[in-house]
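# Breakdown of the fold
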Amino acid sequence: MIQRKVCLVGDFAVGKTSLFSRFVYNRFSESYMTTIGVRLQRKVMLVEGQELTLILWDTEGGQDSTAVKRTYLGGAGGAIVVCDLTRESSIRHWPDYIQLLRQINPTILLTLAANKVDLLSPTHPHRTLAQQIAQEAKIPLIFTSANTGEQVENLFQTLAKELLRAEVFH
Amino acid sequence: MLKYSTDKTLVPFFPPPEELSLLIMGYILCDADLKIEGASKSAAPLLDLPPEALQKGQSLFKVCLPLVGNEAQIEAIRAGQLEHLLLEQVNLERQGAKSRYLNLCLLLQPPGFILLLSDVSQASLQQQQVCQQHNELLLLHEKLVLQNDQLQSLNRELGELSQRKSDMLAIATHDLRSPLSGIIAYADLLLDESIFDPLTPDQRLPIESIQRQGKNMLDLVDTLLDLRRLDSSEPQHQNTINLDMLVQWVIRSLQDQAKLAEVTVTYQGAEQPFVVLGDSEVLQQAVGNLLSNGLKYTGRGGEIRLRLFVPPALPDLLPPLDPTLTWGCLTVTDNGPGIAPDDMPHIFEPFFRTKEVRLSGLPGSGLGLTIVQKAIHQHGGRVIAQSQLKEGTTFTIFLPYVNQEAE
Ligand SMILES: Nc1nc2c(ncn2[C@@H]2O[C@H](COP(=O)(O)OP(=O)(O)O)[C@@H](O)[C@H]2O)c(=O)[nH]1
Ligand SMILES: [Mg+2]
């Protein structure tokens, strides 16, 4: 059985906990409940016919990447870097999180979640900004909404596939 | 280093009372391969496991999810490169139950390891509340900053639009001025009997009309140009002006008009010299407009009183007058027909003329009071009006007073 630790990181209130809850329990709450420390949950996935267990770490977020507790990130095979599409600063902070994660584990597999897409007009410039950063960092980008559930399954599937592919490669 | 043993000395009582949960600790002892050797009684409940889950030989990774993935660090501890692995405030999700936060610390306990567990729920829940408030404030702040930005850019756009509009007005009025002056000059010429033969009354009438209406139009164009000049936030000139002398000069210059209108003009000057800073031409126009307005509307036998003085107290205005400045005021009071209460809020608006004035057929652009207001605002002052139908109207100008000794 393959098990992988996957961390959710990003500025506070971008929707890390909401993506976690949508994915694990298929639940969403409008009200904001600040996460302290880290929340852990195991989730078994079927990826291209293969079983993979993700141990999800929903970490507390701060104003930027300097607030991240590095001890939480140790041993993570993958991470999802989340932003709130309505808050430009949270998108601009992506490169800092990416750098931090790669510093701790150079072979970590990453996926970017541009969250709260339900709140954004289809032509909003923040979409392009997110795409630019993703392209420059060469990291898959998924526009998600924890609220509607849009692309949430796909987000975790995308990362899970990468994790499995890396596994085969080893 | 502390020595730990499998006896229960670390656990004072079990099950523990809720209020002491802050102090609860537990431990699990393992061999070098992280297979469980023993545990304190409190360990299983802390991890939300049945007691039998921590039986001898079980893998620590199986019962303690947060350790999965940390194999490299554990190796480092084993090799003596790392002192311990500390995971703080780990919230092991429990469906439907209150959050429990644990601090986990894995250390070498030769020949194996020891995992120390401590419940930090109380402190964490308190911290959660503080962070929650902090983050909510930050979000609110971000939202405000964003809204402020949006308002500012809207405001900028509006400013640009308004600027473009007044630029266009200025160009149009300026371009109107020269042909108009030409038309009037030619009408004057045609009526000049020293140059041309006298005209028949039939010819004279329409040319006089061209002359009169042309002059009215030129007045309007000039007024519009004046108005435009007042759009800048500061006066073009900054001279010290004796307001007492300025008012007297304005009264003198309108003497003939007053005589013609059969209106008495009286003036009571200030006891001390009242000096303001600004553009005397602009202020003359403002005072002149108030006085000539009065002359126009007061009616035969009427009276206009002007008074310059330092007010004993500042009136309640919105926004309030800066109380750190010394204010002087000029009142222009007539006993004319007064202004209807419904019209009062609009009298300073450009091109506004009351129904009565429009019906009276008196000429006027409706820009006179707009000019007064702009002129006074440009000088950091304020103008207000009070009126009572059939009794009369008072305009009061407030201007900041320059303290001559301080100059
Ligand atoms: N409209 C919308 N709101 C969301 C979405 N994801 C999260 N939220 C809201 O954003 C707030 C912060 O979410 P949370 O998951 O606690 O953020 P975290 O601090 O990153 O864990 C909460 O009020 C959520 O209801 C989303 O996709 N769409
Ligand atoms: Mg959270």
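Since the structure is predicted, the reported quantities are computational estimates derived from the model, not experimental observations. Residue numbers run consecutively from 1 along every chain, following the written order of its sequence. Labels follow written order: the first chain is A, the first ligand is 1, and so on. Whole-chain, interface and lining totals are the exception, using all residues; otherwise, since this is a predicted model, local features are given only for residues with pLDDT of at least 70 and side-chain atom pairs are given and counted only at 80 or more. With hydrogens and water set aside, each side-chain value is computed from the structure's full complement of heavy atoms.

## Considerations on the sheet that holds strand β10 (residues 327-334) of chain B
Pairing between the strands of a sheet is mediated by backbone hydrogen bonds and can be parallel or antiparallel. All names here are of chain B. What the 5 strands build is an open sheet, ordered β7-β9-β10-β12-β11; its pairing is mixed. Of all the strands in the sheet, just β7 (264-268) and β11 (382-388) have a single pairing partner and so form its edges. The average angle at which neighbouring strand axes cross in this sheet is 15 degrees, direction not considered. We call two strands paired when DSSP finds no fewer than two bridges between them. Where helices and strands are cited, they refer to DSSP runs of H or I of at least four residues and of E of at least two residues respectively, numbered from the N terminus. Looking at chain direction, β11 and strand β12 (residues 392-400) are connected through 7 bridges and run antiparallel. Considered in β12, the bridge of V383 is made with I397. Should any heavy atoms of two residues lie within 4.5 Å, those residues are considered in contact. Here an angle of 0 to 180 degrees is reported between the N-to-C directions of two axes, which are lines fitted to C-alpha atoms, with helices fitted over the stretch in contact. Packed on one face of the sheet, helix α6 (residues 243-253) meets β7, β9 (303-309), β10 and β12 and runs near 170 degrees to β7. The sheet contacts of helix α10 (residues 368-378) involve β11 and β12, and relative to β11 the element is tilted by about 140 degrees.

## Quick notes on empty space enclosed by the protein
Residue and element names in this part refer to chain B. The definitions used throughout rest on a 1 Å grid laid over the protein atoms alone, on which a cavity is an enclosed set of points accommodating a 1.4 Å probe that cannot get out and a pocket is an open set flanked by protein within 12 Å on both sides along at least five of seven lines; lining residues are those having an atom within 4 Å of a point. Grid points are joined across faces, edges and corners, and a volume is the space filled by probe spheres set on the points. Enumeration over the complete set of coordinates arrives at 1 cavity of 30 Å³ or more. In this model, the largest cavity occupies a volume close to 40 Å³. What lines the largest cavity is simply L243, L283, A286, V287, L330, I376, I397 and L399. For the lining of the largest cavity, the secondary-structure elements that each account for two or more residues are α8 (280-298) and β12. Per element, the largest residue contribution to the lining of the largest cavity is 3 residues, and it comes from α8.

## Quick word on the confidence of the model for chain B
Per-residue pLDDT for chain B has a mean of 87; in total, 93% of the residues score no lower than 70. Across residues 1-22 of chain B, confidence stays below pLDDT 50; counting only partners more than four residues off in sequence or on other chains, it has 29 contacts. Values of pLDDT, ranging from 0 to 100, describe the predictor's confidence in every residue of the model.

## Some words on the packing of helix α4 (residues 121-191) of chain B against helix α5 (residues 201-229) of chain B
All names here are of chain B. Running from N to C, α4 and α5 point in directions that differ by 150 degrees, and their axes come no closer than 8 Å. Here α4 is positioned roughly antiparallel relative to α5, judged by the angle of their axes. Crossing angle aside, the handedness with which α4 passes α5 is left-handed. Considered class by class, the residues forming the contact of α4 with α5 number 16 nonpolar, 7 polar and 8 charged. By definition in this entry, angles of less than 35 degrees are roughly parallel, angles greater than 145 are roughly antiparallel, angles of 65 to 115 are roughly perpendicular, and the rest are oblique. Here a crossing is called left-handed whenever its near helix is offset anticlockwise from the far helix by less than a right angle, and right-handed whenever the offset is clockwise. Each residue is assigned to one class: nonpolar for Ala, Val, Leu, Ile, Met, Phe, Trp, Tyr, Cys and Pro, charged for Asp, Glu, Lys and Arg, and polar for all the others, Gly among them.

## Remarks on the packing of aromatic side chains
The criterion for an aromatic pair is that two Phe, Tyr or Trp rings (for Trp, the six-membered ring) have centres within 6.5 Å, with stacked assigned to planes under 30 degrees apart, edge-to-face to planes over 60 apart and tilted to the rest. Evaluation of the coordinates by the stated rule reveals 4 aromatic pairs over all chains. With a centroid separation of 5.0 Å and 20 degrees between ring planes, the pair formed by F274 of chain B and Y401 of chain B is classed as stacked. Here F274 of chain B, found in the loop between β7 and β8 (275-278), pairs with Y401 of chain B, found in the segment after β12; they are 127 residues apart in sequence, far enough to count as distant. Like Y401 of chain B, F274 of chain B is buried. Judged by centre distance (6.3 Å) and plane angle (80 degrees), the rings of F348 of chain B and F395 of chain B are edge-to-face. Here F348 of chain B is found in the loop between β10 and α9 (355-360), whereas its partner F395 of chain B is found in strand β12, with 47 residues between them in sequence. Just as F348 of chain B is buried, F395 of chain B falls in that class too. Geometrically, a charge over a ring is one whose NZ (Lys) or CZ (Arg) sits within 6 Å of the ring centre while staying within 35 degrees of the ring normal. One residue, K5 of chain A, lies across the ring of W57 of chain A, its end atom 3.5 Å from the ring centre. When the ring centre of F143 of chain A is taken as reference, the NZ or CZ atom of R127 of chain A above it lies at 5.8 Å. We call a residue buried when its accessible area falls under 20% of the maximum for its residue type, exposed when it is over 50%, and partly exposed in between, using a 1.4 Å probe and counting protein chains only.

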